[in-house]
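# Geometric and topological summary
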Amino acid sequence: YYNWSYVGPDGEEHWHKHYPFCGGIFQSPIDIHNDILQYDSTLLPIELVGYNLSLTEQFIISNNGHSLKMSLPPTMYISSLPFRYTAAQLHLHWGNRHHPEGSEHSVNGKRYAAELHIVHYNSDKYPDVATAMDKADGLAVLGILIELGSFHPSFENIFCQFANVRYKDQTIPVTGFNVRDLLPERLDEYYRYEGSLTTPPCYPSVLWTVFRNPVQLAHTQLVALETALYCTQENDPSPLEMTDNYRQPQEFDERRVRVSFRQ
Ligand SMILES: NS(=O)(=O)c1c(F)c(F)c(S(=O)(=O)CCO)c(N[C@H]2CCc3ccccc32)c1F
Ligand SMILES: [Zn+2]
C-alpha cells in the first residue's frame with residue numbers, strides 16, 4: 001500500500017507509477033464543456049431511497065488523510081438506475097482560503113468552490129463496495145457542485161464535527177439527518193458519463209452523475225472547510241493542512257457527456 005497525496009513527490013503526476021489505472025482510460029474528473037455534450041431524453045430523474053437517515057442511527061464521520069468522509073447505511077440507495085446502487089460513503093473536495101475553487105468537475109472551464117460526492121456500489125451484482133470498485137458497472141457516484149452563496153444549515157450536520165476529526169484517522173459518530181437536503185432541488189437535470197475514481201486506485205468503474213445546479217455554502221462555511229482539517233496525524237511533527245484535495249481535469253477524447261436537459 002503506497003501512500004499518495006495531492007502535492008509533491010506523491011502527487012497526481014506520480015500516481016500512475018503505483019496505481020497503473022491512474023494513467024489509463026476513462027479517467028475522472030473532466031471539464032464538462034459544450035462541444036462534448038449530447039442531449040439524451042432517456043435519462044430519467046434520479047430517484048433516491050432511504051436518504052432521510054434515521055435519527056436513532058449513528059454514522060461515522062472520519063478523516064482518512066485525503067478527505068472528510070461519512071459512512072452511509074445499506075438502506076440508502078439509488079433506485080432509478082439499471083441496477084440498485086447502494087450508498088457506501090460521502091466525502092468532499094475543496095480548495096484553500098486563497099483559491100477557493102476546489103471542485104473536481106468543472107463546467108465550461110468554471111471550477112466551483114467545492115464538490116460533494118456520494119459513492120454507491122452495484123449491490124445487485126456485488127456483495128460490497130470493495131468487490132464492486134474495480135468492476136466496470138461497479139460504482140455510481142453523485143456529484144454535487146458547491147458554490148459560494150447563502151448559509152446551508154444541512155451541511156452543518158457534517159461541518160459541526162470538524163474539531164473532532166481534525167487529524168488523520170480521527171472518527172466521530174453522528175446522528176442521522178436528511179442527506180437529500182445536501183442535494184440541489186432538481187434531480188432531473190444532470191450530466192452523465194462513464195469515468196473513474198478520482199483518487200488512486202483510479203479504477204474506471206464509476207457511472208458519474210453531476211447535477212446541473214450547484215448548492216451554496218456561506219463564506220464562513222467554506223473557510224471552515226478549507227482550514228479545519230489536516231492530512232497528518234495528531235502527533236505528526238510536520239502537520240500538513242488538508243486543502244486542494246482535488247484532481248486536475250483528465251483528457252476526454254472520443255467520449256461524450258450525456259445531458260438530461262435541453263436548456
Ligand atoms: N472522488 S471519488 O468518489 O472517486 C473518491 C474519493 F475522492 C475518495 F477520496 C475516496 S476515499 O475512500 O475517501 C480515499 C481513497 O480511497 C473514495 N473512496 C472510494 C474508492 C475506494 C473505496 C472503498 C470503499 C468505499 C468508498 C471507496 C472515492 F470514491
Ligand atoms: Zn470524490
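This text follows the structure it describes.
Residues numbered from 1 in each chain as written. Chains lettered and ligands numbered in written order. Predicted model: local features only at pLDDT ≥ 70, side-chain atom pairs only at ≥ 80, totals over all residues. Heavy atoms only, no water.

Let us look at the site of ligand 1. Around ligand 1, the structure places 14 residues, and the nearest of them are Asn-64, His-93, Leu-197, Thr-198 and Thr-199. With respect to ligand 1, the side chain of Gln-89 contributes an N or O atom lying 3.4 Å from an oxygen atom. Note that a nitrogen atom of ligand 1 is positioned 3.2 Å from one of the side-chain N or O atoms of His-117. Look at ligand 1: alone it shows 550 Å² of surface, and the protein chains cover 87% of it. Class assignment of the residues belonging to the shell around ligand 1 gives a composition of five nonpolar, eight polar and one charged. (Near = heavy atom within 4 Å. Polar contact = N/O pair within 3.5 Å; in protein donor to acceptor, adjacent residues only side chain to side chain. Areas by Shrake-Rupley, 256 points an atom, 1.4 Å probe, with all protein chains shown as cover. Nonpolar A, V, L, I, M, F, W, Y, C, P; charged D, E, K, R; others polar.)

Let's shift gears to the state of the cysteines. Scanning the entire structure with this criterion turns up one disulfide. The structure places no disulfide on Cys-231, whose sulfur is separated from the nearest cysteine sulfur, that of Cys-202, by 17 Å. (Disulfide = S-S within 2.5 Å.)

The subject of this paragraph is the environment of Val-215. If you trace the backbone, Val-215 turns up in strand β15 (residues 215-217). Here the alpha-carbon distance between Val-215 and Leu-182, two residues 33 residues apart in the chain, equals 7.6 Å. Not counting chain neighbours up to four residues away, the residues in contact with Val-215 comprise Ile-144, Leu-145, Ile-146, Glu-147, His-152, Phe-155, Leu-182, Leu-183 and Pro-184. (Helix = DSSP H or I, 4+ residues; strand = E, 2+ residues; numbered from the N terminus. Contact = heavy atoms within 4.5 Å.)

Geometrically, a metal with four donors at the corners of a regular tetrahedron has ideal angles of 109.5 degrees, and one with six donors at the corners of a regular octahedron has ideal angles of 90 or 180 degrees. For the zinc ion (ligand 2), the protein coordination sphere consists of His-91 (NE2), His-93 (NE2) and His-117 (ND1), at 2.0 Å. For the zinc ion (ligand 2), the single-chain donor residues occur in sequence as H-x1-H-x23-H. His-93 matches His-91 in its accessibility class, with the two residues each being buried. (Donors = N, O, S within 2.8 Å, 3.2 Å for Na, K, Ca; no water. Buried < 20%, exposed > 50% of the residue type's maximum accessible area, 1.4 Å probe, protein only.)

Tallied over the entire structure, the rule returns seven salt bridges. Note that Glu-189 is salt-bridged to Arg-186, the shortest N-O span being 3.4 Å. One salt bridge connects Arg-212 with Glu-189, and the closest N-O pair in it is separated by 3.3 Å. Of this pair, Arg-212 sits in the loop between β14 (206-211) and β15 while Glu-189 is found in the loop between β12 (171-175) and β13 (190-195), placing the two residues 23 residues apart along the sequence. What makes Arg-212 partly exposed here is its relative accessible area of 24%. Each of Arg-186, Asp-188, Glu-189 and Arg-212 takes part in a single network of salt bridges with overlapping partners. (Salt bridge = Lys/Arg side-chain N within 4 Å of Asp/Glu carboxyl O.)

These results come straight from atomic positions and should not be treated as a statement about function.
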